[in-house]
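# Secondary and tertiary structure notes
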Amino acid sequence: MSLIQMYIPMEVAQPCIAAMGDMGMVQFRDLNPEVNAFQRSFVSEIRRLDEMERQCRYFQQQLHRADMAYRPVVSTSARARSALEIDNLQEVLREHETRLVELTGSYEQLQNRYLELTELRHVLRETAAFFEEFEMNHLSVGFVTGVVDRASRRTLERVLWRSLRGNLYMNVSEIDEPIIDHDDQVDKDVFAVFAHGTEILNKIRRISDSLGAKLYPVDASEEKRRDQLLEVTSRIEDLNNVLSTTNQTRRAELIVIAEHLNSWLTITRKEKAIYHTMNLFNYDAGRKCLIAEGWCPSYDIPLIQQTLKDATDASGTSLSAIVTELRTNKKPPTYQRTNKFTESFQGIIDAYGYARYREVNPGIFTIISFPFLFAVMFGDIGHGFLMFLAGLYMVWNERKLSANTGEIFNMFFGGRYMILMMGAFSIFTGFIYNDIFSLSLSIFQSGFDWPTSVNSTTQAVQGVPNGHTYFLGLDPAWHGSENYLLFTNPYKMKQAIIIGVIHMTFAICLQVVNHIQFKNKMFIWLEFLPQFLFMESIFGYLVFCILYKWSVDWYARDASGELIRNGPPSLLNMLIYMFLSPGTILPGQQLYSGQAFVQVVLLLIAVVCVPWMWFAKPYYLKKLHASHQYTSIADDDHFADDPELQAEEDDEMDVDVHVSNPHAPTGAIDDPDEEEFDFGEEMIHQTIHTIEFCLNCISNTASYLRLWALSLAHAQLSSVLWDMTLKNLFNYSGILGAIGLVVGFAAWFMLTCFILIGMEGLSAFLHTLRLHWVEFDSKFYAADGYPFQPFSFAAVLAMEDDAPPS
């Protein structure tokens, strides 16, 4: 990663920045951090573009309300627009907005009027029966008529009844057809309230208004109501014609807007992004140019040169941009190149923290270790095959499925290659466990023979070794045996310890790469070596004992039939008494000759490593600081040491590139945020780090036992599901047996997919994630960097598209 400085003439500033945005390889630095956003150079241009973007969003809202689609953008690359083109676009948007606002306002007014006339027509029709009833009874009372939402009708009735204490008569009639109210279909009812007295009628009107009812006055005379109904019907017909004409005119305007809306939005957002970026630069009034600084990948500097040259040539001017590579000790951003396969694995690491610049990237090793550890807990041929098919389907149809915008689906789709790998590794571990849907496969010859005749049905049958060894994985003879768990439990538990210690040891060894890269080779002796020796003297020794115990035949007999060795010792007790009683081996618990001496030596090494880790590094840093030779771990010396990054001026190009002299003080930029060395703080930090490492060696090793626990739980749950759904149904025959098999298979398959693959798979995924974040990454991964976020039009437009509508 290189820090570059650009001198861009004002005449070609826009096309040059636009070319950088299309390229997406430069992360510009803010050279005006003390200037607020309202005092920068291009505030007026940004405000004008904000107004243009608001107009485009208004067009989007109107198109959405009209249920009209607009043409998508095929490509985000487009040339920078001149000031005249932006002025013309602003005028076009203003004209379209003015016409659309007028048409929309007129259309909404006509719709409101149409709604009122429609409701009045229903009131005139439905209340005719009410008046006939009161005329028949020769009652003379006042009345209030109107329309209310059906959901609010009961509330209106209760409020009126309680407010007037029952001194009213209310009649309601439902409107058969839904009423279109502001583009929504609403069910409404016509009501008429009869009561005595002006004050009571006014009170009824106020209550009705407060509950959202619309009142429509009608005449008590039947003839006048009939004439009013005819007039309202005629006006509705005329209004329908006007509404249709206005809507056609409005849709014609929206069609014209829809043809160009996305291109207008793209131009507006890109131009605004250009001016936002230019606000980060300094303006040199003497040279009439902008001065920019930014980070870019070192190998992309020639491409940046050529891109700027093409941009200045296309503008038709003889001016050229000048690019200067600066030497600095500022901490650069971290840029991890990924593709669609590695993106999901890198995303897991970035969720933990971004790598420090030039730090070892755990994402490379996660590609193998993550699906493998997942498969250790999820090992089943059948379940792994179904997961593999799901991942393969998403990979095979990724172009079609990428159009799906569902948030939950996109989470799974983004990890499609990870799901594919986890399924493939689960198939492999399923062969090792010899487990397919809780059943076993007898592909090769078994190492045990079963007796052909049994005297008693209650007598235990014991398999007899035949001298063969099952070629791959667990012998199928163990499946279904009474001591199956007694055999597999210790095996999987020890397997988890071995895998965990190897995984953590590899993580500790990666510290060497970091120390060499950051030119802190002394830290290999002060930090890595004591940690490695402490880890291996205890838990590395435990792994050795496990492997040695497996390699010895503890039940071998001599010629007389006597046992050659004692019974297999307990490794857990051995490890405990290694600390409680150093140099003492319990009777009958010896693993190998000379065990006591070896354990005492290893224990002394572990004890010596604790003060080694505790005091050596702080003392070294204090001594280095006292001799004025202390340098930051994050110091970036690659410009001076790597001759490949030294660029020479290319006379054939218009873009002048100057590389600062690494020994010249004017070419270097110091980091003002570098903290001074404090021995007290360093000692406190090292104390915490030492205690944490020693305790974590124990807790993290125990944490890998989750590999054993979840593998056992997954196998047992699969076995229980098989026994409770399909196993017993094979004992039935006939039509009942066939129907039972179909129903049982459907239940078994659904529960397998949702519980064993869905829920158990998610559980194994989360546990694997924890093992990588806590047990693996914490051993060497500082994760105190910040990501490389270049100025890119693609990222800007994607961010705007994902933003919620205003």
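Residues numbered from 1 in each chain as written. Predicted model: local features only at pLDDT ≥ 70, side-chain atom pairs only at ≥ 80, totals over all residues. Heavy atoms only, no water.

## Focus on the overall build of the protein
Inclusion rule: Helix and strand definitions follow DSSP, with helices as H or I runs of at least four residues and strands as E runs of at least two, each counted in order from the N terminus. Here's how the labels work: a residue is buried when its accessible area is under 20% of the maximum for its type, exposed when over 50%, partly exposed in between, all with a 1.4 Å probe on protein chains only. Contacts between residues were defined by any pair of non-hydrogen atoms, one from each residue, lying within 4.5 Å. Surface accessibility follows the Shrake-Rupley procedure with a 1.4 Å probe radius. Residue values consider only the protein chains on display as shielding.
Across its full length, the protein carries 23 helices and 15 strands. Expressed as a percentage of its 806 residues, the buried residues of the protein come to 43%. At a minimum sequence separation of 6, the contacts of the protein that also span at least 24 residues come to 80%. Of the accessible surface of the protein, which amounts to about 43,500 Å², a share of 58% is contributed by carbon and sulfur atoms.

## Remarks on the environment of Ile 419
By the element assignment, Ile 419 lies in helix 14 (residues 416-433). With a relative accessible area of 14%, Ile 419 lands in the buried category. Taking C-alpha positions, Ile 419 is 5.2 Å from Gly 391, a pair spaced 28 residues apart along the chain. Not counting chain neighbours up to four residues away, the residues in contact with Ile 419 comprise Met 387, Gly 391, Met 394 and Phe 412.

## Focus on the packing of aromatic side chains
Within a pair of aromatic rings, the relevant descriptors are the distance that separates the centres and the angle that separates the planes. Applied cut-off: Here a Phe, Tyr or Trp ring, Trp counted by its six-membered ring, pairs with any other such ring whose centre lies within 6.5 Å, and the pair is stacked when the planes are under 30 degrees apart, edge-to-face when over 60, and tilted otherwise. Criterion for a charge above a ring: Arg CZ or Lys NZ at most 6 Å from the ring centre, at most 35 degrees from the ring normal.
The tally for this structure, following the rule as stated, stands at 38 aromatic pairs. Judged by centre distance (5.9 Å) and plane angle (25°), the ring pair of Tyr 352 and Tyr 781 falls under stacked. With a gap of 429 residues between them, Tyr 352 in helix 9 (residues 343-352) and Tyr 781 in the loop between helix 22 (734-776) and helix 23 (793-802) connect regions that are remote in the sequence. Residue Tyr 352 is classed as partly exposed on the basis of its relative accessible area, which comes to 32%. Using a relative accessible area of 5% as the deciding quantity, one classes Tyr 781 as buried. Connected via pairs of aromatic rings, a cluster forms that spans Tyr 352, Phe 365, Phe 506, Trp 773, Phe 776, Phe 780 and Tyr 781. Between Arg 416 and the ring centre of Phe 413, over which it is positioned, the NZ or CZ distance is 4.2 Å. Positioned over the ring face of Phe 679 is Lys 622, at 4.8 Å from the centre of the ring.

## A short note on the sheet that holds strand 4 (residues 169-174)
Heads up, the condition is: By the convention used here, strands pair only if DSSP detects at least 2 bridges between them. With axes taken as lines fitted to C-alpha atoms, and helix axes fitted only over the stretch in contact, angles between N-to-C directions fall between 0 and 180 degrees.
Within the open sheet, the four strands sit side by side as 4-7-3-8. Their pairing is antiparallel. In this open sheet, the two edge strands, each paired with only one partner strand, are strand 4 and strand 8 (214-215). Packed onto the sheet, helix 5 (residues 150-163) meets strand 3 (142-149), strand 4 and strand 7 (188-195) and runs at close to 145° relative to strand 3. Sheet contacts for helix 6 (residues 198-210): strand 3, strand 7 and strand 8; angle to strand 3, the most-contacted strand, approximately 5°.

## Regarding the nonpolar core
This is how it is decided: Nonpolar cores are built from buried Ala, Val, Leu, Ile, Met, Phe, Trp, Tyr and Cys residues. Side-chain atoms within 4.5 Å join them into one set.
With 60 residues, the main nonpolar core has Met 387, Met 422, Phe 534, Tyr 541, Leu 571 and Leu 707 as its most contacted residues. Broken down by element, the residue count for this core peaks at eleven residues, all from helix 16 (residues 522-551). Those residues in contact with Met 422 that lie beyond four places of it in its chain are Phe 370, Pro 371, Phe 374, Met 387 and Phe 765. Judged by nonpolar contacts, the second largest core, of 51 residues, contains Phe 28, Leu 100, Met 278 and Phe 281.

## Topic: helix 18 (residues 595-626)
To keep things clear, this is the line we draw: Between the first and last residue of a helix there are one fewer steps than residues, each counted as 1.5 Å, and that sum is the expected span. Two axes enter the bend calculation: one fitted to the seven residues ending at the residue in question, the other to the seven starting there, and the bend is the angle between them.
An ideal rise of 1.5 Å per residue puts 46 Å on 32 residues; helix 18 measures up with 46 Å between its terminal C-alpha atoms. If you look at helix 18, its biggest bend is around 30°, right at Trp 612. Of the residues making up helix 18, those classed as buried are Gln 595, Gln 599, Leu 602, Leu 603, Ala 606, Cys 609, Met 613, Lys 617, Pro 618, Leu 621 and Leu 624.

## Things to note about the confidence of the model for the protein
So the rule is basically this: Per-residue confidence from the prediction method is given by pLDDT, with values spanning 0 to 100.
On average, residues of the protein score 85 in pLDDT, and 90% of them reach the 70 mark or higher. Predicted confidence for residues 629-668 stays below pLDDT 50, and this span has 78 contacts to residues more than four positions away or in other chains.

## Section: the packing of helix 1 (residues 13-23) against helix 8 (residues 301-314)
So the rule is basically this: In this scheme, roughly parallel covers angles under 35 degrees and roughly antiparallel covers those over 145, while 65 to 115 is roughly perpendicular and the rest are oblique. In this scheme the crossing of two helices becomes right-handed for a clockwise turn of the near helix relative to the far one and left-handed for an anticlockwise turn of less than a right angle. Any residue that is not Ala, Val, Leu, Ile, Met, Phe, Trp, Tyr, Cys, Pro, Asp, Glu, Lys or Arg is counted as polar, Gly included; the first ten are nonpolar and the last four charged.
Contact geometry for helix 1 and helix 8: axes closest at 9 Å, N-to-C directions at 135°. Classified by the interaxial angle, the pair formed by helix 1 and helix 8 is oblique. Of the two elements, helix 1 crosses helix 8, and the hand of that crossing is right-handed. Residue-level contacts link Pro 15, Cys 16, Ala 19, Met 20 and Met 23 of helix 1 to Leu 303, Ile 304, Thr 307, Leu 308, Ala 311 and Thr 312 of helix 8. Looking at the contact of helix 1 with helix 8, its residues break down into nine nonpolar, two polar and no charged.

## As for the side chain of Glu 97
If you trace the backbone, Glu 97 turns up in helix 3 (residues 83-126). Residue classification places Glu 97 among the buried positions, given a relative accessible area of 14%. Among residues more than four places away in sequence, those in contact with Glu 97 are Arg 54, Gln 55, Tyr 58 and Phe 59.

## Quick look at a nonpolar patch on the surface
What counts is decided by this rule: Grouping into patches uses exposed residues only, defined as over 30% relative accessible area, and leaves out salt-bridged ones; the cut-off is 9 Å for like charges and 5 Å for nonpolar side chains (Val, Leu, Ile, Met, Phe, Trp, Tyr). Every case where a carboxyl oxygen of Asp or Glu lies within 4 Å of a side-chain nitrogen of Lys or Arg is listed as a salt bridge.
A cluster of nonpolar side chains, Leu 717, Phe 745, Phe 749, Met 750, Leu 751, Phe 754, Ile 755 and Met 759, forms an exposed patch at the surface whose accessible area comes to about 740 Å². At seven residues, the largest contribution of residues to the nonpolar patch is made by helix 22. By secondary structure assignment, the location of Phe 745 is in helix 22.

## Remarks on the pattern of salt bridges
Overall, the coordinates contain 27 salt bridges when judged by the stated rule. We note a salt bridge from Arg 54 to Glu 51, for which the minimum N-O separation is 2.6 Å. Of the two residues, Arg 54 and Glu 51 both sit in helix 2 (residues 43-65), three residues apart, roughly one turn of that helix. In this structure, the salt-bridge partner of Arg 416 is Glu 398, at a minimum N-O distance of 3.0 Å. Taken as a pair, Arg 416 in helix 14 and Glu 398 in helix 12 (residues 398-401) lie far apart in primary sequence, 18 residues in all. Given the relative accessible area of 10%, Arg 416 is considered buried. Judged by relative accessible area, Glu 398 falls into the buried class, the value being 15%.

## Notes on the side chain of Thr 118
Under the convention used in this document: Each polar contact in these results corresponds to two N or O atoms within 3.5 Å; when the atoms are within protein, one needs to be able to donate a hydrogen and the other to accept it, and residues that are neighboring in sequence are counted only if both atoms are side-chain atoms.
Among the secondary structure elements, Thr 118 is positioned in helix 3. For Thr 118, a relative accessible area of 7% translates into the label buried. For Thr 118, the side chain forms a polar contact with the main-chain oxygen of Tyr 114, separated by 2.7 Å. Residues within four places of Thr 118 in sequence aside, it is in contact with Ile 179 and Ile 236.

## Let's talk about unusual backbone geometry
For Asp 67, which is not glycine, the phi dihedral falls at a positive 55°. On the secondary structure map, Asp 67 appears in the loop between helix 2 and helix 3. One non-glycine residue with positive phi stands out, namely Arg 358, at about 65°. Mapped onto the elements of the fold, Arg 358 is located in the loop between helix 9 and helix 10 (363-378).

## Some remarks on a negative patch on the surface
Under the convention used in this document: The convention is simple: Lys and Arg are positive, Asp and Glu are negative, and His and the chain ends are not counted. Charge positions are represented by NZ for Lys, CZ for Arg, CG for Asp and CD for Glu.
A cluster of like negative charges, contributed by Glu 174, Asp 176, Glu 177 and Asp 187, occupies part of the molecular surface. Tracing the chain through its elements places Glu 174 in strand 4.

## Focus on the packing of helix 10 against helix 14
To describe two helices that pack against each other, one gives the angle between their axes and the distance between the axes. Across the interface, helix 10 lies against helix 14 with an axial gap of 8 Å and an inter-helix angle of 50°. Relative to helix 14, the element helix 10 lies oblique. In the packing of helix 10 onto helix 14, the handedness of the crossing is right-handed. Between helix 10, through Ile 367, Ile 368, Phe 370, Pro 371, Phe 372, Phe 374, Ala 375, Val 376 and Phe 378, and helix 14, the contact on the second element is made entirely by Met 418, Met 421, Met 422, Phe 425, Ser 426, Thr 429 and Tyr 433. In terms of residue class, the contact of helix 10 with helix 14 is built from 14 nonpolar, two polar and no charged.

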